[in-house]
Amino acid sequence: MSCPHCHDTGWRTIARDDASRVERCVCWRQSVAQTMLATAKIPPRYRTCDLESFVTYENERLLRAVARARRFIDAFPVVDKGLLLIGPPGIGKTHIAVAVLRQVVLEKGVRGLYYDTRHLLSTIRSTYNPVTRTSEVDILRPVMDAELLVLDDLGAERPTDWVEETMNLIVNTRYNDRRPTIFTSNYEDTPDPEELDSLLVRVGFRMYSRLREMCEFLEYSGPDYRGFEFTPSSEELSSAWKTQPRRRLPVRTSVRARAQLKRGKADLGWTGGKAGG
Ligand SMILES: [Zn+2]
């Protein structure tokens with residue numbers, strides 16, 4: 001389809017009284033934004049997420065998280081901190097994170113990237129080559145360099161030293177380069193080293209204190225959006241929330257994993273693709 005403004009040249013002439021000049025056509029900007037979006041690796045099910053389509057209801061902490069996400073989009077790239085969305089599964093954390101990523105990419109034309117944390121780590125493991133250092137170039141570099149990165153489901157990976165090492169490398173590099181990151185996590189922010197299902201224990205102390213410095217923590221709860229047959233209305237969510245206001249995070253660290261965590265970690269150091277399996 002031919003563009004009526006520029007006849008597909010990507011440039012259009014702006015006529016003035018004395019002279020005329022050319023500038024990039026709006027169609028060119030849109031196609032650049034679409035290309036940027038295609039390289040952001042957003043999973044198909046989240047490809048249409050935006051904040052406008054996200055159904056909210058009377059839930060103070062949720063509304064605060066959404067308002068904060070909106071401010072982040074407006075202010076980008078002038079943002080001091082990234083965001084960390086914490087809460088039980090199914091409350092729209094990924095929706096909010098991806099909505100911010102999509103809108104920042106489309107509106108500001110930045111290089112954005114989405115990764116599920118477990119998927120990222122398994123990709124690094126499977127492509128790691130100690131001789132050519134393939135994963136460092138092909139996988140890690142874009143993750144470290146993305147102008148905005150979403151790391152979904154932080155802490156889901158079994159915490160081994162290799163996982164901690166790799167995550168610290170990514171997060172510290174981004175922190176030092178002042179590149180913001182948006183995380184989501186199902187693990188509660190209880191700074192109690194005895195609580196094995198806490199974010200602190202799942203990601204390790206170094207990573208946790210770095211997260212504190214580089215992110216605004218947005219913790220909220222609510223009913224599971226996936227528990228409804230169709231997209232729930234604001235009223236349905238509101239009444240579900242009122243009858244179940246104290247939804248707790250599920251206990252997920254198995255007895256065996258707990259024993260391992262207590263014993264200390266077996267895997268040591270960066271051993272490339274073989275560790276942490
Ligand atoms: Zn055009």
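Just above sits the structure.
Described below are features of the structure shown in this document.

### Let's talk about the coordination of the zinc ion
Coordination angles at a metal have ideal targets, namely 109.5 degrees for four tetrahedral donors and 90 or 180 degrees for six octahedral donors. Around the zinc ion, the protein contributes the donor atoms Cys3 (SG), Cys6 (SG), Cys25 (SG) and Cys27 (SG), which lie 2.2 to 2.4 Å from the metal centre. If you look at the zinc ion, its four donor atoms make angles of 105 to 112 degrees with each other, and the shape they trace is tetrahedral. Donor residues for the zinc ion, ordered by position in the chain, follow C-x2-C-x18-C-x1-C. Judged by relative accessible area, Cys25 falls into the buried class, the value being 0%. Relative accessible area serves as the criterion here: at 25%, Cys27 is assigned to the partly exposed category.

### Some details on the packing of helix H2 (residues 60-75) against helix H3 (residues 93-108)
The contact between H2 and H3 brings their axes to 9 Å, and the two run at 20 degrees. Between H2 and H3, the angle is such that the two are roughly parallel. The element H2 and its partner H3 pack so that their crossing is right-handed. Across from Leu62, Val66, Ala69, Phe72, Ile73, Asp74 and Ala75 in H2, the residues of H3 making contact are Ile96, Ala99, Val100, Gln103, Val104, Glu107 and Lys108.

### Regarding the environment of Asp152
Of note, Asp152 is situated in strand S5 (residues 148-152). Each C-alpha atom of the pair Asp152 and Thr94 lies 6.8 Å from the other, and the pair is 58 residues apart in sequence. Discounting chain neighbours no more than four positions away, the residues touching Asp152 are Thr94, Tyr114, Tyr115, Asp116, Thr117 and Thr184. A distance of 2.4 Å separates polar atoms of two side chains, one belonging to Asp152 and the other to Thr184.

### A word on the sheet that holds S5
Read from one edge to the other, the open sheet built from five strands follows the order S4-S5-S6-S3-S7, with strand pairing classed as parallel. Each edge of the open sheet is held by one strand with a lone partner, namely strand S4 (112-116) and strand S7 (215-219). The sheet shows a mean angle of 15 degrees between the axes of neighbouring strands, taken without regard to direction. As paired strands, strand S3 (residues 82-86) and S7 are joined by five bridges and run parallel to one another.

### Concerning the nonpolar core
Ile96 and Ile182 are the most contacted members of the largest nonpolar core, which has 38 residues in total. Taken together, the elements giving at least two residues each to this core come down to helix H1 (26-38), H2, S3, H3, S5 and helix H9 (234-243). The biggest single contributor to this core is H3, with eight residues. Of all hydrophobic cores here, the second largest spans 31 residues; its members include Leu84, Ile86, Leu113 and Leu149.

Procedures and definitions
- Residues numbered from 1 in each chain as written.
- Predicted model: local features only at pLDDT ≥ 70, side-chain atom pairs only at ≥ 80, totals over all residues.
- Heavy atoms only, no water.
- Donors = N, O, S within 2.8 Å, 3.2 Å for Na, K, Ca; no water.
- Tetrahedral: all angles 85-135°; square planar, octahedral: opposite > 155°, others 65-115°.
- Buried < 20%, exposed > 50% of the residue type's maximum accessible area, 1.4 Å probe, protein only.
- Axes fitted to C-alpha atoms, helices over the stretch in contact; angles between N-to-C directions.
- Helix = DSSP H or I, 4+ residues; strand = E, 2+ residues; numbered from the N terminus.
- Parallel < 35°, antiparallel > 145°, perpendicular 65-115°, else oblique.
- Left-handed = near helix turned anticlockwise from the far one by under 90°.
- Contact = heavy atoms within 4.5 Å.
- Polar contact = N/O pair within 3.5 Å; in protein donor to acceptor, adjacent residues only side chain to side chain.
- Pairing = 2+ DSSP bridges.
- Core = buried A, V, L, I, M, F, W, Y, C linked by side-chain atoms within 4.5 Å.

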